[in-house]
Amino acid sequence: MAERQELRNVAIIAHVDHGKTTLVDAMLRQSGMLRPHDAIVERVLDSMDLEREKGITILAKQASFRFGERRLNLVDTPGHADFGGEVERALAMVDGAILLVDAAEGPRPQTRFVLRKAFEAGLPVVPVLNKIDRPDARPREVVNETLELFGDLDAPEHQLEIPFLYGSARLGFMALEEPDGPIAEAPSGTSLQPLIDALFEHLAAPRYTPGAPLQALVTNLDASPYLGRLAICRVVEGRLRRGQIAAWCRRDGTVERAKVAELLVAEGLERVSTEEALPGDIVAVAGIGEVTVGETIADSEQPVALPLLEIDEPSLSMTVGINTSPLSGRDGSKLTARLLKGRLEAEALGNVAIRVLATERADTFEVQGRGELALAVLVEQMRREGFELTVGKPEVLTKVLDGVLCEPVERLSVEVPEEHLGILTQVLAKRKARVEKIVHHDTGWIHIEHLVPARGLIGIRSEVLTQTRGTAQLHHAFERYEPWQGEIRTRNAGSLVADRSGATTPFALANLAERGTMFVGPGEDVYEGMVVGESSRPDDMDVNPTREKKLTNMRSSTADELVRLPPWRQLTLEQALEQADESECVEVTPAAVRLRKVVLDQSTRGRARKNAQLAR
């Protein structure tokens, strides 16, 4: 087989704030693709506002750099479990990876999951100690910690032959030798060249068979407002040309003819049009409207499909509809079902992890996805675009197999320090998790694998991270369908529900604070059926949060205005989705997130409750 020695496709693995973006900045400048006076946005690969705010990578993105005759394609990788499907697809595009580690902090938990996937795929990894200029840098200890991590993750033997690099992305230099002492500025004559040389020396070049017919694997999807759906492909064999008539090998085994309307390749951080792509190139193909991940674009005369990439099965669904609360129309600008339908269809066009289905109501749609965070990210994006929505509680997707109701079961892998094993076991036991495997590491970490119903994973991330002080790393993947495993109760408290509309008062909230935890503060508008707090009892309670202090013959109603209220809990979108039960939904607007009952009228809910009790 022939090789393209001038090209390397590399994934980048790094914990938050370990210098990934600064390294990309330095590569842009030293490759000549960024002029000295050009400004670069902080965390340039995290192009979404949500990614910058949450400190996570949601979508795998690509950048390309030229160093003389050499070309480097760099692919960013998500590290969050709900976007784990992006990791496998990103690693399918590359031939190796860079592991970026802070020279003071050492390897952090967030890197373990992606690094494990890279080793399982047999990819070589070039380890880089960044921020060597920090006053508290401890390179020798961090090298040992990284080697211990390699041992924990069963790294292949050839991994130990790849040397560590030391440097500072901020100062723009890398070296193969550990510095003798503290560094305040880049040594004269240094650059990122040693890193580039190490990537081209230790990572494999793309290999191909000369004269073979075209084969390009679709590893991801994107969307353009001008070109529609874009298929992100890696060309495995042959040449892909703009305007070419190719064979589209679909997942169901059928083959259709399709025209490559446009061909885009990365240059720096931008996509530019190109005439053709060679083996090893990563390109975006426009013109195939229904193409999806795992399919093959092949030669029209000799169509041969590549092995399919598996797409994560959706495990949860939720309903998304227009805002129907009495406060609708106050904050947002996009309120109609037509706009909502168009936005969801556009999302499904470029996001392979999301499925959108119609419901019996024209203003409500069912959205399916991998986890509650993935669904919450979509809703959060829409509220920032001006939409007002009513979002239902996430529900598990069930099937009837051989006459038995079955639910999806996920394999949950958890990396946790030993001291948190007990509390982790308690949290997972109440969600009907079954332990499959426990591996003790000499470094004080434990790797545990569970089988847990998918509905037991709703809200689990925030609870586990709280109980383990943010150290646990979770990843889940669909395992199989099993018979329904009975009720899982993760919430034992009822709701405090407003029985009328109006503005909340400190006097009323001070009295209600004794009955539970409040979700609203003074002066907020509420309406009948809105959930204003969590009750200390298991049953719902209708309350009046707008009650004012009455005038008496002894003092005025405005006397003693200073009321000391306990702190109230302001729900985020993710917390509201976790908090909601079957009778509740979430009102989402650009300015507010409110928990409410599906049926707002108090008397109607009361009759339904009585009928349910009589039926039991």
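Scroll up to find the structure.
Since the model is a prediction, treat every value here as computed from it, not as a measurement.

Colleague: So what's going on with the overall build of the chain? Residues and values would help.
Modeller: Counting its regular elements, the chain contains 13 helices and 37 strands. Long-range contacts, defined as pairs at least 24 residues apart, comprise 72% of the intrachain contacts of the chain with a sequence gap of at least 6. As displayed, the chain has an accessible area near 28,400 Å², and 48% of this comes from carbon and sulfur atoms.

Colleague: Could you give me a rundown of the sheet that holds strand 2 (residues 7–14), with the residues and numbers involved?
Modeller: Spatial strand order, 3-4-2-5-6-7-8: seven strands in an open sheet with mixed pairing. The open sheet has two free edges, formed respectively by strand 3 (62–67) and strand 8 (173–175), since each of these has just one partner strand. Between one strand axis and the next, the sheet turns by 30 degrees as a mean value, whatever way the strands run. Pairing between strand 2 and strand 5 (residues 96–102): five bridges, direction parallel. Bridging from a neighbouring strand, alanine 14 pairs with leucine 100 of strand 5. Across the sheet, helix 1 (residues 20–30) lies against strand 2, strand 3, strand 4 (70–76), strand 5 and strand 8, angled at about 40 degrees from strand 3, the strand it touches most. Packing of helix 6 (residues 193–202) onto the sheet brings it into contact with strand 2, strand 3, strand 4, strand 5, strand 6 (125–130), strand 7 (165–168) and strand 8, and relative to strand 4 it is tilted by some 85 degrees.

Colleague: Which residues make up a positive patch on the surface, and what values go with them?
Modeller: A contiguous patch of positive charge on the surface is contributed by Arg515, Arg537, Arg547 and Lys550. Here arginine 537 lies in the loop between strand 34 (531–535) and strand 35 (541–543).

Colleague: Can you break down the sheet that holds strand 11 (residues 228–237) residue by residue, with the values?
Modeller: What the eight strands build is an open sheet, ordered 14-13-19-10-11-18-15-16; its pairing is antiparallel. Here the strands that pair on one side only, and so sit at the sheet edges, are strand 14 (255–259) and strand 16 (270–273). Taken pair by pair, the neighbouring strands of this sheet meet at an average axis angle of 40 degrees, ignoring direction. Across three bridges, strand 10 (residues 215–224) lies against strand 19 (residues 296–299) in antiparallel orientation. Looking at the pairing, glutamine 215 lines up with alanine 298 of strand 19.

Colleague: Any chance you could break down the packing of aromatic side chains for me, citing the residues and the numbers?
Modeller: Taken as a whole and judged by the stated rule, the model has one aromatic pair. For the ring pair phenylalanine 119 and phenylalanine 150, a centre distance of 5.5 Å and an interplane angle of 85 degrees mean the geometry is edge-to-face. Here phenylalanine 119 is found in helix 4 (residues 110–120), whereas its partner phenylalanine 150 is found in helix 5 (residues 139–152), with 31 residues between them in sequence. Each member of the pair phenylalanine 119 and phenylalanine 150 is classed as buried. In this structure, arginine 70 packs its charged tip against the face of phenylalanine 200, placed 4.7 Å from the ring centre. A cation over an aromatic ring shows up here: arginine 455 above the ring of tryptophan 484, its NZ or CZ 3.8 Å from the ring centre.

Colleague: A description of the packing of helix 9 (residues 421–429) against helix 10 (residues 460–467) should follow, citing residues and the corresponding values.
Modeller: In the contact formed by helix 9 and helix 10, the axes pass within 10 Å of each other and the chain directions differ by 160 degrees. Here helix 9 is positioned roughly antiparallel relative to helix 10, judged by the angle of their axes. Considering the relative orientation of helix 9 and helix 10, their crossing is right-handed. Note on element contacts: helix 10 touches helix 9 through Ile460, Glu463, Val464 and Gln467, opposite Ile423, Leu424, Val427 and Leu428. For the contact of helix 9 with helix 10, a count of residues per class yields six nonpolar, one polar and one charged.

Colleague: Which residues make up unusual backbone geometry, and what are the values?
Modeller: Non-glycine residue aspartate 402 carries a positive phi angle of around 55 degrees. In this structure, aspartate 402 sits in the loop between strand 25 (399–401) and strand 26 (404–417). We classify aspartate 402 as exposed; its relative accessible area is 82%. For lysine 432, which is not glycine, the phi dihedral falls at a positive 60 degrees. Residue placement: lysine 432 occurs in the loop between helix 9 and strand 27 (434–440).

Definitions and limits used
Residues numbered from 1 in each chain as written. Predicted model: local features only at pLDDT ≥ 70, side-chain atom pairs only at ≥ 80, totals over all residues. Heavy atoms only, no water. Helix = DSSP H or I, 4+ residues; strand = E, 2+ residues; numbered from the N terminus. Contact = heavy atoms within 4.5 Å. Areas by Shrake-Rupley, 256 points an atom, 1.4 Å probe, with all protein chains shown as cover. Pairing = 2+ DSSP bridges. Axes fitted to C-alpha atoms, helices over the stretch in contact; angles between N-to-C directions. Patch = residues over 30% accessible without salt bridge, like charges linked within 9 Å, V, L, I, M, F, W, Y side chains within 5 Å. Salt bridge = Lys/Arg side-chain N within 4 Å of Asp/Glu carboxyl O. Lys, Arg positive; Asp, Glu negative; His and termini not counted. Charge placed at Lys NZ, Arg CZ, Asp CG, Glu CD. Phe/Tyr/Trp six-rings, centres within 6.5 Å; stacked < 30°, edge-to-face > 60°. Buried < 20%, exposed > 50% of the residue type's maximum accessible area, 1.4 Å probe, protein only. Lys NZ or Arg CZ within 6 Å of the ring centre and 35° of its normal. Parallel < 35°, antiparallel > 145°, perpendicular 65-115°, else oblique. Left-handed = near helix turned anticlockwise from the far one by under 90°. Nonpolar A, V, L, I, M, F, W, Y, C, P; charged D, E, K, R; others polar.

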